[in-house]
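Below, each chain spelled out in residue letters.
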Amino acid sequence: MKKIKNISGITHFSLTELLGPALILIVFSCLIGFSSASLMLTVQLALCYFVMVLALQVFVGNSGVLSFGHGAFAMLGAFVSGLLTAPVRIKNNALSMTDLLQSIADIQVNLYLSLLIAAIVGGVVAGITGVFLMRLNGLAAGIATFALLGVAYNFFFNNTKFGPGSQALPGVPKFQNLFIPLLLALLALVLVYLLNVSSIGRTLRATREDNLAAPALGINIIRVRRIAFALSGALAGLAGAMYSHVAGTVQVQDYYLGFTFLTLSMLVIGGSGSIWGALVGTLLVISVGQVLLMMEQGKAIFGLSIDLPNGARAIFIAATLVVALLWRSSGVTNGKEFAFPNFKKKSN
Amino acid sequence: MESSFSATGISKSFGALKVLENVSITINSGEMVGLLGPNGAGKTTFINIVAGYEHQDSGSVSLDGNSLDGMAPHNRARIGLARTFQSGRLFSNLSVSENIALGALGLGISAKIANERTNSILEILNLEPLANLNAGSISHGNARLVGLARAVAANPKYLIMDEPAAGLNEHEVPHLLEALSKINKDLGCGMFLVEHNVGLVAKACSRVAVLNTGNLIFDGTPFDALNNDAVKTAYLGDTSLEETEESSKK
């Protein structure tokens with residue numbers, strides 16, 4: 001029998017596929033992030049979005065099941081991390097939190113522990129809800145996960161015992177530099193890549209391709225989806241927590257429809273089938289969005305001043321999403337992982 | 001005790017339409033059994049029932065004496081019952097190698113062993129040149145072989161094949177026959193070949209069962225099947241009537 005390793009066509013761990021996106025992420029973050037304070041904030045936000053898009057890629061990209069519910073896990077992660085790190089003094093005195101449970105008001109942990117707890121809580125809640133949600137397919141899954149987002153939104157919006165309700169949670173410590181969010185994004189990138197090349201990732205993609213053939217190969221569709229949903233819930237929880245430490249506050253509206261639409265758009269535009277697609281989608285939408293935002297604000301770009309009406313950015317992203325769905329449903333990267341261009345092949 | 005897979009007294013109706021009526025078939029380990037029948041005879045429904053994709057109204061399916069009734073398809077696959085589909089149902093956006101490897105990965109087998117098996121199967125079935133191609137881009141005949149290879153990667157005790165020769169041309173059928181013989185010889189698994197192609201079944205199988213309008217009308221050797229009046233009538237219609245008509249024309 002021949003040597004087994006690296007059979008062509010088999011999904012293998014590839015350093016290029018992992019290091020390519022990682023290096024691009026590092027270069028993008030450092031080049032843009034260190035150019036100005038406002039761009040540093042933009043890069044920090046981009047890194048949060050990237051972790052969220054990775055969370056969506058793990059589940060939506062690999063299983064093919066649409067989820068509008070990941071905003072709920074991000075919301076949960078943001079509240080957990082925000083409430084655990086906001087100073088006790090602020091939580092006990094802020095006008096928006098007079099009803100807050102005393103046990104929550106009196107607790108304070110460090111940033112890293114709170115991020116870990118946020119990820120765990122996101123994963124556990126996703127694991128529990130996944131028991132029921134993962135039995136659904138197609139439209140039913142989309143509606144049920146949207147309902148989950150609605151439940152989470154209404155819970156936090158109307159409940160002042162577990163947060164500030166419709167108000168903002170003040171005093172959430174902000175990331176002081178670029179390194180922590182960048183490190184977290186790189187960690188998420190490595191974890192998602194390892195998951196994608198593992199048996200779970202590969203069998204999950206089989207269920208996306210054909211959910212009748214997959215059980216004939218012994219694949220328990222509900223089980224693999226549940227595992228992926230829990231893991232992506234943990235990542236969404238982490239993304240939400242990161243977002244709260246970039247914004248320095250937690251407001252339930254920040255994780256609702258706009259957040260859900262934006263992050264799903266990033267995934268679809270980049271290509272839902274790969275982490276490379278998740279990165280390209282995030283960077284494209286953030287970069288173009290930033291330029292359009294500056295135009296909306298009447299700022300000059302490279303000496304050129306173009307005034308765009310408010311809302312132009314959202315319209316552009318929506319239009320790009322429609323174009324992507326119509327003509328390039330597998331996204332800019334065609335769902336492929338990072339690879340160096342093969343110039344030799346082209347010249348032949 | 002010798003391993004065997006049996007379906008006993010299987011009946012199934014869809015509304016008022018009786019699709020299967022009291023059908024019983026047993027396959028022993030290492031045996032290759034053919035199931036013949038004209039269109040609408042109930043062959044695919046029978047496969048769907050034994051693989052767990054549909055539930056029978058009555059009767060029982062068992063493996064080595066243990067009942068499989070109520071067991072989900074993925075659990076049946078995990079205890080050694082593999083199946084192929086009439087339409088192939090390959091994972092068209094994944095490579096041929098990846099499709100085959102998933103046959104083993106789906107059972108929870110390690111990636112290393114899955115890759116070993118994939119390599120070996122690609123070689124046995126002469127599919128190596130296709131390994132890196134997208135499964136959606138290969139020919140119909142090759143897709144049938146890849147579907148077979150994927151099921152074989154699970155190293156099953158019993159392999160159920162739903163019309164693997166459907167749509168194959170005269171050059172591809174001998175290739176399939178060769179592949180079936182290799183699988184039977186190398187794996188030693190029981191094989192259940194559901195087919196239209198009488199020639200293929202007669203060459204490949206030691207025993208043949210024939211279904212007609214949901215009833216099992218024959219179970220015996222291929223030679224006896226070809227000489228059985230009930231089988232001839234099921235496949236060719238009422239030949240005595242045709243002969244009478246031809247002689248009256250003369």
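For the structure itself, look to the data block above.
The sections below set out a description of the structure shown in this document. (Residues numbered from 1 in each chain as written. Chains lettered and ligands numbered in written order. Predicted model: local features only at pLDDT ≥ 70, side-chain atom pairs only at ≥ 80, totals over all residues. Heavy atoms only, no water.)

To continue, consider empty space enclosed by the protein. Residues and elements named next belong to chain B. A complete count under the given rule lists four cavities of 30 Å³ or more for this structure. Of the volumes computed, that of the largest cavity is approximately 60 Å³. Lining of the largest cavity is provided by Thr84, Phe85, Gly88, Arg144, Gly147, Leu148 and Pro164. Considered class by class, the residues forming the lining of the largest cavity number three nonpolar, three polar and one charged. (1 Å grid on protein atoms, 1.4 Å probe; cavity = no way out; pocket = protein on both sides within 12 Å on 5 of 7 lines; lining within 4 Å. Points joined across faces, edges and corners; volume = space filled by probe spheres on them. Nonpolar A, V, L, I, M, F, W, Y, C, P; charged D, E, K, R; others polar.)

As a further point, take the interface of chain B and chain A. At the junction of the two partners, chain B supplies 34 residues and chain A supplies 26 residues. Of the roughly 2,700 Å² buried between chain B and chain A on both sides combined, carbon and sulfur atoms contribute 59%. When the buried surface of chain B facing chain A is broken down by residue, His74, Phe91 and Asn119 of chain B rank first, second and third, together holding 20% of it. Put simply, Arg89 of chain B and Asp210 of chain A hold a salt bridge, and the shortest N to O gap is 2.9 Å. Scanning the region where chain B abuts chain A turns up eight residue pairs in polar contact (both at pLDDT 80 or more). The set of elements that each furnish at least two residues to the side of chain B that touches chain A consists of helix 2 (73-78), helix 3 (96-105) and helix 4 (111-124) of chain B. (Contact = heavy atoms within 4.5 Å. Buried area = accessible area lost by both parts, 1.4 Å probe. Salt bridge = Lys/Arg side-chain N within 4 Å of Asp/Glu carboxyl O. Polar contact = N/O pair within 3.5 Å; in protein donor to acceptor, adjacent residues only side chain to side chain. Helix = DSSP H or I, 4+ residues; strand = E, 2+ residues; numbered from the N terminus.)

Moving on, we get to the packing of helix 2 (residues 37-63) of chain A against helix 13 (residues 275-296) of chain A. Residues and elements named next belong to chain A. The interhelical angle for the contact between helix 2 and helix 13, taken along N-to-C directions, is 145°, at an axis separation of 9 Å. Crossing angle aside, the handedness with which helix 2 passes helix 13 is right-handed. Of helix 13, the residues touching helix 2 (which contributes Leu39, Thr42, Ala46, Tyr49, Phe50, Val53, Leu54 and Gln57) are Ile275, Ala278, Leu279, Thr282, Ile286 and Gln290. Residue classes in the contact of helix 2 with helix 13 are distributed as ten nonpolar, four polar and no charged. (Axes fitted to C-alpha atoms, helices over the stretch in contact; angles between N-to-C directions. Left-handed = near helix turned anticlockwise from the far one by under 90°.)

A few words now on the layout of surface pockets. Residues and elements named next belong to chain A. A volume near 1,600 Å³ is recorded for the largest pocket. Together, 50 residues line the largest pocket, and Arg208, Gly273, Asn334, Gly335 and Lys336 are the ones closest to its centre. Of all the secondary structure elements, the ones that give two or more residues to the lining of the largest pocket are helix 1 (15-33), helix 2, helix 8 (179-197), helix 9 (199-209), helix 12 (257-270) and helix 14 (312-327). Considering every element that reaches the lining of the largest pocket, the biggest residue donor is helix 12, with seven residues. A breakdown of the residues in the lining of the largest pocket according to their chemical character gives 19 nonpolar, 23 polar and eight charged. Volume-wise, the second largest pocket comes out at about 800 Å³. Along the wall of the second largest pocket there are 30 residues; nearest its centre are Ile286, Gly289, Gln290, Leu293 and Arg313. The element best represented in the lining of the second largest pocket is helix 13, accounting for nine residues. The class makeup of the residues in the lining of the second largest pocket is 18 nonpolar, nine polar and three charged.

Here the focus is the pattern of salt bridges. For the structure on display, the rule yields eleven salt bridges over all chains. Residues Glu209 of chain A and Arg208 of chain A are paired through a salt bridge, measuring 3.3 Å at the closest nitrogen-oxygen approach. Arg208 of chain A sits in the partly exposed class, given a relative accessible area of 28%. One salt bridge connects Lys182 of chain B with Glu178 of chain B, and the closest N-O pair in it is separated by 3.9 Å. Note that Lys182 of chain B and Glu178 of chain B are positioned in helix 6 (residues 172-187) at a spacing of four residues, about one turn of the helix. (Buried < 20%, exposed > 50% of the residue type's maximum accessible area, 1.4 Å probe, protein only.)

Residue and element names in this part refer to chain B. Spatially, 6-7-8-3-9-10 is the arrangement adopted by the six strands of the open sheet, whose pairing is mixed. Looking along the sheet, the strands with just one partner apiece sit at the ends: strand 6 (81-83) and strand 10 (215-220). Along the sheet, successive strands turn relative to each other by an average axial angle of 15°, direction set aside. The sheet contacts of helix 5 (residues 140-152) involve strand 6 and strand 7 (158-162), and relative to strand 7 the element is tilted by about 160°. Along the sheet, helix 6 contacts strand 3 (32-36), strand 7 and strand 8 (190-195); its crossing angle with strand 8, the most-contacted strand, is approximately 160°. (Pairing = 2+ DSSP bridges.)

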